[in-house]
Amino acid sequence: MNPKKHNNYPINDKQKQVNHFDAFQSEIKRPLVIAIMQKLIPFAMLWGSLMLMYGVICMYTNNMGQDEFYRFIFFLRSPFVVVLNCLALLVAICHSISWFNLVPKVIFSTRSNKRAQDYLFTIGLWLVTIAISICLVLFVLK
C-alpha cells in the first residue's frame, strides 16, 4: 500500500494535519465585505484602545482641576468619531462571531458528534460573553 503522494513526495502525519487545516481554510467562502472587515480588526482594536487611553488621561487630568474630561466628551460627540466608533463596534462583533464559530472546529476536530458539540460550545461562549457584559453594565451603573 503506497502512501498518498503530494507533488510526487510521500506525505507524513504532520503534513496531513497541515494539509487538512489548509483544506479547511480554503473551503470557507467569505463574502468580500466580511473579508475586508477581518482585515480591519487590528485597526478597530487600536482605535478602541486609543479612545480608552485618551479618556483615562482626560479623567486623570480632570481630577487635577482641569476641564479635560469635557473636551473628551465633546470629542466623542463629533460625527466623525461616532461613525468610527460604530464601525469599530461592527468589526468587533463580526470578529467575535467568526472567532466563536471557529473555536469549536479547532477544539473538536477529531471527535464524533461534532456538529452538536460545535453548537453547544458556541452557545456556551455566547452565554458567558453576555453574562460578563451584563455584570459589567450593572457594575458601571451601580
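Residues numbered from 1 in each chain as written. Predicted model: local features only at pLDDT ≥ 70, side-chain atom pairs only at ≥ 80, totals over all residues. Heavy atoms only, no water.

Thoughts on helix α3 (residues 41-63)
Now for step 1: With 23 residues, α3 extends 33 Å from end C-alpha to end C-alpha; this agrees with the ideal 33 Å at 1.5 Å per step.
Now for step 2: On its buried face, α3 sits against α2 (32-39), α4 (68-76) and α5 (79-107). (Helix = DSSP H or I, 4+ residues; strand = E, 2+ residues; numbered from the N terminus. Expected span 1.5 Å × (residues − 1). Contact = heavy atoms within 4.5 Å.)

Topic: the pattern of salt bridges
Now for step 1: For the structure on display, the rule yields one salt bridge.
Now for step 2: A salt bridge links Arg-71 to Glu-68; its shortest N-O distance comes to 2.7 Å. Taken together, the residues Arg-71 and Glu-68, both in helix α4 and three residues apart, mark about one turn of the helix.
Now for step 3: Using a relative accessible area of 53% as the deciding quantity, one classes Arg-71 as exposed.
Now for step 4: Here Glu-68 falls in the buried class, since its relative accessible area comes to 19%. (Salt bridge = Lys/Arg side-chain N within 4 Å of Asp/Glu carboxyl O. Buried < 20%, exposed > 50% of the residue type's maximum accessible area, 1.4 Å probe, protein only.)

Some points on the environment of His-95
Now for step 1: Tracing the backbone shows His-95 in helix α5.
Now for step 2: Along the primary structure His-95 and Met-37 are separated by 58 residues, whereas in three dimensions their C-alpha atoms are 8.0 Å apart.

Structural notes on the packing of aromatic side chains
Now for step 1: The full count for this structure, using the stated rule, is four aromatic pairs.
Now for step 2: When the centroid spacing of 5.3 Å and the interplanar angle of 75 degrees are considered together, the rings of Tyr-54 and Phe-72 count as edge-to-face. Of this pair, Tyr-54 sits in helix α3 while Phe-72 sits in helix α4, and the two are 18 residues apart along the sequence.
Now for step 3: You can call Tyr-54 partly exposed: its relative accessible area is 32%.
Now for step 4: Taking 6.1 Å as the distance between ring centres and 40 degrees as the angle between the ring planes, the aromatic pair formed by Phe-69 and Phe-72 counts as tilted. With Phe-69 and Phe-72 both in helix α4 and three residues apart, the pair spans about one turn of that helix.
Now for step 5: By relative accessible area, Phe-69 is classed as partly exposed at 25%.
Now for step 6: An aromatic cluster of at least three residues, connected via ring pairs, comprises Tyr-54, Phe-69, Phe-72 and Phe-75. (Phe/Tyr/Trp six-rings, centres within 6.5 Å; stacked < 30°, edge-to-face > 60°.)

A short note on a nonpolar patch on the surface
Now for step 1: There is a patch of nonpolar side chains on the surface, built from Leu-32, Ile-36, Leu-40 and Phe-43 and spanning about 430 Å² of accessible area.
Now for step 2: Overall, Ile-36 belongs to the partly exposed group, its relative accessible area being 44%. (Patch = residues over 30% accessible without salt bridge, like charges linked within 9 Å, V, L, I, M, F, W, Y side chains within 5 Å. Areas by Shrake-Rupley, 256 points an atom, 1.4 Å probe, with all protein chains shown as cover.)

Regarding the nonpolar core
Now for step 1: Within the largest apolar cluster, five residues are counted, these being Met-37, Ile-41, Ala-44, Ala-88 and Val-91.
Now for step 2: Sorting the residues of this core by element identifies α3 and α5 as the ones contributing at least two each.
Now for step 3: Setting aside its immediate chain neighbours within four residues, Val-91 contacts Met-37, Leu-40, Ile-41 and Ala-44. (Core = buried A, V, L, I, M, F, W, Y, C linked by side-chain atoms within 4.5 Å.)

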